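If you want the building blocks of each chain, they are given just below.
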Amino acid sequence: MGPAPVVSSRYDSAPRHPRSFARVAGRAARTLTTAISALALTVGALVAAPAPALADDTITSQDYFSYYKLDQARAKGYTGKGVTIAMIDGPVDTSAPELAGANITVKTPCEYEAAKSSRTHATAIASILVSKNYGLAPDATLIAYSTASTDDKELGECKESRGNPRPLSAHMHLAINDGAQLISYSSSNEDQDDDMKWAIARAMARGVIIVGPMGNAAKDENDASVAWWSGTVGVSAIDASGQLASYSSWGQGVVAAGIGGPVKARDYEAGGVKDVQGTSFATPVVAGQIALARSRWPQATPNQILQLVTRSGSNNGRWDQYTGYGALSMDGLLGSDPSQYPDENPLADKGGGSTPTPAEVQQYLDGLAP
């Protein structure tokens, strides 16, 4: 079991450790710290060829479904319809029976040969988001950007461009260009540079909400996560009892907590179905909840949706470095009109020197930044 949540000031001014640029190979071994290969943006988007469906072992339910009372949300018509989610991960098997009927477009900006472990991870993430059986937002539109991890083999221009420092930032620009309202990203953040800063600034300016995991090393990994950046929703993992999961990392940028498993996933290495867990699986749980809120409250601005997120956690408006504002409440997200809240991004300054700053976002809006 991880340490007990400690309530502290939201804008802690304690000195930060230097940013971590450690890269750990293998999406299957450690889902947060997957390294992404470089993008070759001149390569057109390709639709990945799905693997044959395995209907004999269809996954029909997940434990988190009852935890969040998703049957009640669906009964009321809250299904994420009208919301577009961008998912940045490995290749999604759209022929998986769990994804039957889901609205998914797979794009592969850079050609590569995917490892089976990458397909397992990505298909599980997509299913958590939009599966008709147990997805958080089954009627949302999902654009799945297929990216290579260090388990995968790059091909053609993708192989030649290894070392490009902008893989994640480039994917985010593609997602924004394609009209995504949410970006769910379940791997590591290697783009600690100006390109990433301005991609985040663009997302904040356009009202695109970015959701990402804190890590699975049971320590403060803020500087190695997407949560380091302003405006992003960092996600830690809890177990079915609502406690911080023993493996979950934490840090200054955590905003919400989600069930991190066990989650049933189609196993493309050994066959059949296996249980997985991690903050990378808690991330689409939280992203899916935010998608439901965006669909439920179309008149609210993205900033007001984020205001709602910070007010709908189990920590009753308090923040701590382990679970942020806590596990999100479906009743709070779907039952309280966020239009009553200020149209101001509550995550614009996470403290500790997070960027982009509000001034930098304004520079982007004024056309003074890339």
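Quick caveat: nothing in here was measured; it's all calculated off a predicted structure. Residue positions within a chain follow its written sequence, with the count starting from 1. The predicted origin of the model limits local features to residues at a pLDDT of at least 70 and limits the giving and counting of side-chain atom pairs to 80 or more, whereas totals for whole chains, interfaces and linings rest on all residues. Computation of side-chain values: all heavy atoms of the structure, hydrogens and water removed.

Enquirer: Looking at this structure, I do not really get the overall build of the protein. What am I missing?
Expert: For the protein, the helix and strand inventory stands at 10 helices and 11 strands. Burial here depends on accessible area, computed with a 1.4 Å probe over protein chains only, as a share of the maximum for the residue type. Under 20% is buried, over 50% is exposed, and the range in between is partly exposed. Burial status across the protein gives 59% buried among its 370 residues. Only heavy atoms enter the contact rule, under which two residues are in contact if any of them lie within 4.5 Å. If you take every contact in the protein between residues at least 6 apart in sequence, the share linking residues at least 24 apart comes to 80%. Per-residue and other accessible areas were derived by the Shrake-Rupley procedure at a 1.4 Å probe size, with only the shown protein chains allowed to occlude residues. Surface exposure of the protein reaches about 13900 Å², of which carbon and sulfur atoms provide 50%. Helix and strand labels come from DSSP, where a helix needs a run of H or I of at least four residues and a strand needs a run of E of at least two; each type is numbered from the N terminus.

Enquirer: So what exactly am I meant to see when it comes to the pairing of strand β8 (residues 233-238) here?
Expert: On a regular strand, one side chain projects to one face of the sheet and the next to the other, so that they alternate. For β8, a buried count of six out of six residues is recorded, marking the element as mostly surrounded by other parts of the structure. With burial as the criterion, each face of β8 is covered, one bearing V233, V235 and A237 and the other bearing G234, S236 and I238. The sheet contact formed by strand β7 (residues 209-213) and β8 spans three bridges and is parallel. Pairing of P213 across the sheet is with V235, part of β8. Here a strand pair is declared whenever DSSP counts at least two bridges between the two strands. As paired strands, β8 and strand β9 (residues 254-259) are joined by five bridges and run parallel to one another. For V235, the partnering residue across the bridge sits in β9 and is A256.

Enquirer: Explanation requested: the environment of M330 in the structure shown.
Expert: Looking at where M330 falls in the secondary structure, it is placed in helix α9 (residues 330-335). Separated by 260 residues in sequence, M330 and L70 place their C-alpha atoms 8.3 Å apart.

Enquirer: Help me understand the pattern of salt bridges, please; the structure alone is not making it clear to me.
Expert: Should a side-chain nitrogen of Lys or Arg be within 4 Å of a carboxyl oxygen of Asp or Glu, the pair is scored as a salt bridge. Within this structure, the stated rule accounts for six salt bridges. For E98, the salt bridge is made with R266, and the minimal N-O distance between the two is 2.5 Å. Pair noted here: E98 is in the loop between β1 (84-89) and β2 (103-107) and R266 is in strand β10 (residues 263-266), with a separation of 168 residues, a long-range link. Accessibility classification places E98 together with R266 in one group, the buried group. A salt bridge links D178 to K107; the nearest nitrogen and oxygen atoms lie 3.0 Å apart. Placement of D178 in the loop between α5 (167-177) and β6 (182-185) and of K107 in strand β2 is noted, with a sequence separation of 71 residues between them.

Enquirer: Help me understand the packing of helix α3 (residues 116-130) against helix α7 (residues 279-296), please; the structure alone is not making it clear to me.
Expert: In a packed pair of helices, the relevant descriptors are the angle between the two axes and the axis-to-axis distance. Here α3 crosses α7 at 25 degrees, and the two axes come no closer than 8 Å. Taken together, α3 and α7 sit at an angle that is classed as roughly parallel. The interaxial crossing formed by α3 with α7 has right-handed handedness. Along the contact surface, α3 presents H121, A124, I125, I128 and L129, while α7 presents S280, F281, P284, V285, A287 and G288. Each residue belonging to the contact of α3 with α7 can be placed in one class, and the counts come to eight nonpolar, three polar and no charged. Orientation is described by axes fitted as lines to C-alpha atoms, over the contacting stretch for helices, and by angles from 0 to 180 degrees between their N-to-C directions. With respect to orientation, any angle under 35 degrees is reported as roughly parallel, any angle over 145 as roughly antiparallel, any angle of 65 to 115 as roughly perpendicular, and every other angle as oblique. Helix crossings are classified by the rotation of the near helix relative to the far one: an anticlockwise turn of less than a right angle makes the crossing left-handed, while a clockwise turn makes it right-handed. Here the nonpolar group is Ala, Val, Leu, Ile, Met, Phe, Trp, Tyr, Cys and Pro; Asp, Glu, Lys and Arg are the charged ones; every other residue, Gly included, is treated as polar.

Enquirer: What is the right way to look at the sheet that holds β1 in this model?
Expert: Strands in a sheet are paired, the pairing made by backbone hydrogen bonds, and the direction either parallel or antiparallel. Taken in spatial order, the seven strands line up as β2-β4-β1-β6-β7-β8-β9 in an open sheet, and their pairing is parallel. The sheet is open, and its two borders are formed by β2 and β9, each paired with just one other strand. On average, each strand axis in the sheet is inclined to that of its neighbour by 25 degrees, with strand direction left out of account. Sheet analysis places β2 next to strand β4 (residues 141-146), joined by five bridges and oriented parallel. For K107, the partnering residue across the bridge sits in β4 and is Y145. In the packing of α3 onto the sheet, contacts are made with β1, β2, β4 and β6, and the angle to β1 comes to roughly 165 degrees.

Enquirer: For this particular structure, what's the right way to read helix α6 (residues 194-206)?
Expert: Owing to its 3.6 residues per turn, the α-helix aligns residues three or four sequence positions apart on the same side. Multiply 1.5 Å by the residue count of a helix minus one, and that product is the helix's expected span. Under the 1.5 Å per step criterion, the end-to-end length of α6 is 18 Å for 13 residues, consistent within 8% with the ideal 18 Å. The set of residues buried in α6 consists of M196, K197, W198, A199, I200, A201, R202, A203 and M204. Just past α6, the residue G207 takes up positive phi, approximately 75 degrees.

Enquirer: I keep staring at the pairing of β1 and nothing clicks. Help me out?
Expert: Burial analysis of β1 places six of its six residues in the buried class, which makes it a mostly covered element. Alternating positions in β1 separate into two faces, T84, A86 and I88 on one and I85, M87 and D89 on the other, with burial throughout. Here six bridges tie β1 to β4, and the two strands are oriented parallel to one another. Bridge pairing links I85 to L142 in β4. Here β1 pairs with β6 via four bridges, running parallel. Among the inter-strand pairings, M87 is bridged to a residue of β6, identified as S184.

Enquirer: Looking at this model, I keep getting lost on the packing of aromatic side chains. Mind explaining?
Expert: Remark: the centre distance and the inter-plane angle together describe each pair of aromatic rings, the angle taken between the planes. Only Phe, Tyr and Trp rings are paired, with Trp represented by its six-membered ring, and only when their centres lie within 6.5 Å; those with planes under 30 degrees apart are stacked, over 60 edge-to-face, the remainder tilted. The full count for this structure, using the stated rule, is three aromatic pairs. Their ring planes at 80 degrees and their centres at 4.9 Å tell us that Y67 and Y68 sit as a pair that is edge-to-face. Since its relative accessible area comes to 3%, Y68 is described here as buried. Here, a charge over a ring means that NZ of Lys or CZ of Arg falls within 6 Å of the ring centre while also lying within 35 degrees of the ring normal. Across from the ring centre of W297, 3.9 Å away, lies the NZ or CZ of R296, which sits over that ring.

Enquirer: Explanation requested: the confidence of the model for the protein in the structure shown.
Expert: Regions with low pLDDT carry predicted coordinates that are not meant to be interpreted in detail. Residue-level confidence of the predictor, termed pLDDT, takes values from 0 up to 100. When pLDDT is averaged across the protein, the result is 82; 77% of the residues are at 70 or more. In this model, residues 1-54 is a region of pLDDT below 50 whose contacts with residues beyond four sequence positions or in other chains number 153 contacts. Across residues 160-166 the pLDDT falls below 50, and counting only partners more than four positions away or on other chains, this stretch makes 12 contacts in the model.

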